Amino acid sequence: IAPGQKGALIILGSLAKDTLDNFLGKHGKLFGINSVKSELKLLKNNQDNIGFTQIRYQQLYKGIPVYGADIVGNVNKEGELRSVNGRIIPNLSVN
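We now turn to the structure provided with this report.

About the cut-offs
Residues numbered from 1 in each chain as written. Predicted model: local features only at pLDDT ≥ 70, side-chain atom pairs only at ≥ 80, totals over all residues. Heavy atoms only, no water. Salt bridge = Lys/Arg side-chain N within 4 Å of Asp/Glu carboxyl O. Helix = DSSP H or I, 4+ residues; strand = E, 2+ residues; numbered from the N terminus. Buried < 20%, exposed > 50% of the residue type's maximum accessible area, 1.4 Å probe, protein only. Core = buried A, V, L, I, M, F, W, Y, C linked by side-chain atoms within 4.5 Å. Contact = heavy atoms within 4.5 Å.

**Some words on the pattern of salt bridges**
No. 1: This structure, assessed with the given rule, holds two salt bridges.
No. 2: With its nearest N and O atoms 2.7 Å apart, the salt bridge here joins Asp21 to Lys17. Placement of the pair is Asp21 and Lys17 together in helix 1 (residues 6–27), with a separation of four residues, close to one helical turn.
No. 3: Residue Asp21 is classed as buried on the basis of its relative accessible area, which comes to 17%.
No. 4: Note on Lys17: relative accessible area 24%, which makes it partly exposed.
No. 5: Where Asp70 meets Arg56, a salt bridge forms, and the shortest distance between an N and an O atom there is 2.4 Å. With Asp70 in strand 3 (residues 64–75) and Arg56 in strand 2 (residues 53–61), this pair connects stretches of sequence that are 14 residues apart.

**Some details on the nonpolar core**
No. 1: Grouped together as the largest cluster of nonpolar side chains are 12 residues: Ala16, Leu20, Leu24, Ile33, Val36, Leu40, Ile55, Tyr57, Ile71, Val75, Val84 and Ile88.
No. 2: Sorting the residues of this core by element identifies helix 1, strand 2 and strand 3 as the ones contributing at least two each.
No. 3: Sequence-distant contacts of Val75, defined by excluding residues within four places in its chain, comprise Ala16, Thr19, Gly51, Phe52, Thr53, Ile55, Glu80 and Leu81.

Shown next, in the form of structure tokens:
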């Protein structure tokens, strides 16, 4: 796939998501995340005009979206994670 083609964006977005997922798998507890698969839902995976891919996850509690709780990662076109930020509410419990 040649750079600039739609398929290339899908591949880069997938690699960027994998990069963020690996980071959160190793360091998620610092953000209050115990399991990427069960606590986060992918909302967006977009590439901007300078080659950065933004991945946005929504926090879930028992499959229910947590209002205002999300985390965003930015991966450059070289596949390097450049930033992670957002708000996660750790240790949720509802009676």
